[in-house]
Amino acid sequence: MKCPFCSSENTRVIDSRPADDNNSIRRRRLCDDCGKRFTTYERVETIPLIVIKKDENREQYDRLKLQGGILRACHKRPVSVAQIDQLVDKVEAEIFNKEEREILSSRIGEIVMNHLQELDPVAYVRFASVYREFKDVNTFMDELKKMLDQES
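If you're wondering where the values come from, they're calculated on a predicted model, not measured in any experiment.

A. Inspection of helix α3 (residues 105–119) at higher detail. Between its first and last C-alpha, α3 extends 21 Å over 15 residues, near the 21 Å set by a 1.5 Å rise per residue. Along α3, the residues classified as buried are Ser105, Ile108, Gly109, Ile111, Val112, Met113, His115 and Leu116. As for α3, its buried residues are in contact with β4 (50–52), α1 (63–73), α2 (81–97), β6 (102–104) and α4 (121–131).

Here is the structure:
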């Protein structure tokens, strides 16, 4: 493993343990050349998943894209990075447990919204407004009414 500080390949593992989610291994490493420490995570490689976009284009699933969308929805909200990582892990577990090679982006969006609604209602509405492409205030209000009805 290359050191992120000096690019040396002379590094070694000094500690290994399961990560918080128990789906990966957290490794603390030490660079023998510059003496700095860094952390890496090891995950099980999953089957490649193809996402079918709204315009019928296909692209390979990208965890960072999913994480970025959730981060934008949670911007300036009381949601920690750890909670966002857990949410991404839950969504991934749900889509990969289906053991399908292709999934509609709309299905991923629905799964994200289900989890976001539990985590933070404001982040949910933000995500839904982009995902469902709210065209006007009435569409936005309809979604808010649905949320309020569910809470009652």
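B. Up close: the packing of α1 against α2. Packing of α1 against α2 brings their axes to within 10 Å, and their N-to-C directions diverge by 130°. Taken together, the axes of α1 and α2 are oblique relative to one another. Seen from above, α1 lies across α2 with right-handed handedness. Across the interface between the two elements, Arg63, Leu66, Gln67, Ile70 and Leu71 of α1 pack against Ile84, Asp85, Leu87, Val88, Asp89, Val91 and Glu92 of α2. Per-class residue counts for the contact of α1 with α2 are seven nonpolar, one polar and four charged.

C. Region of the structure containing unusual backbone geometry. A positive phi angle, near 70°, is found at Ser7, a position not held by glycine. Assessed through its relative accessible area of 46%, Ser7 is described here as partly exposed.

D. Representation of the pairing of strand β2 (residues 24–31) in the model. Strand direction decides the pairing type here: strand β1 (residues 11–18) and β2, joined by seven bridges, are antiparallel. Note that in β2 the partner of Pro18 across the bridge is Ile25. Where β2 meets strand β3 (residues 37–43), seven bridges bridge the pair, whose relative direction is antiparallel. Bridged to Ser24 within β3 is Arg43.

E. Broad picture of the sheet that holds β3. Read across the sheet, three strands follow the order β1-β2-β3 without closing on themselves; strand pairing throughout is antiparallel. Of all strands in the sheet, those with a lone pairing partner are β1 and β3, marking the two edges. This sheet shows a mean twist of 30° between the axes of neighbouring strands, independent of strand direction.

F. Representation of the sheet that holds β4 within the structure. On the basis of which strands lie adjacent, the open sheet formed by three strands has the order β5-β4-β6 and mixed pairing. The open sheet terminates on both sides in strands that have one partner only, identified here as β5 (58–60) and β6. Strand-to-strand twist in this sheet, taken as the mean axis angle between neighbours without regard to direction, amounts to 30°. One ladder, built from three bridges, connects β4 with β5; its direction is antiparallel.

G. Structural context of the pattern of salt bridges. The tally for this structure, following the rule as stated, stands at nine salt bridges. The partner of Arg12 in a salt bridge is Asp32, with the nearest N and O atoms 2.7 Å apart. Here Arg12, found in strand β1, pairs with Asp32, found in the loop between β2 and β3; they are 20 residues apart in sequence, far enough to count as distant. A relative accessible area of 36% places Asp32 in the partly exposed class. Between Glu59 and Lys65 there is a salt bridge, with its nearest N and O atoms 2.6 Å apart. The class of Lys65 is partly exposed, set by a relative accessible area of 48%.

What counts, and at which threshold
- Residues numbered from 1 in each chain as written.
- Predicted model: local features only at pLDDT ≥ 70, side-chain atom pairs only at ≥ 80, totals over all residues.
- Heavy atoms only, no water.
- Helix = DSSP H or I, 4+ residues; strand = E, 2+ residues; numbered from the N terminus.
- Expected span 1.5 Å × (residues − 1).
- Buried < 20%, exposed > 50% of the residue type's maximum accessible area, 1.4 Å probe, protein only.
- Contact = heavy atoms within 4.5 Å.
- Axes fitted to C-alpha atoms, helices over the stretch in contact; angles between N-to-C directions.
- Parallel < 35°, antiparallel > 145°, perpendicular 65-115°, else oblique.
- Left-handed = near helix turned anticlockwise from the far one by under 90°.
- Nonpolar A, V, L, I, M, F, W, Y, C, P; charged D, E, K, R; others polar.
- Pairing = 2+ DSSP bridges.
- Salt bridge = Lys/Arg side-chain N within 4 Å of Asp/Glu carboxyl O.

No statement about biological role is implied by the geometric values presented.
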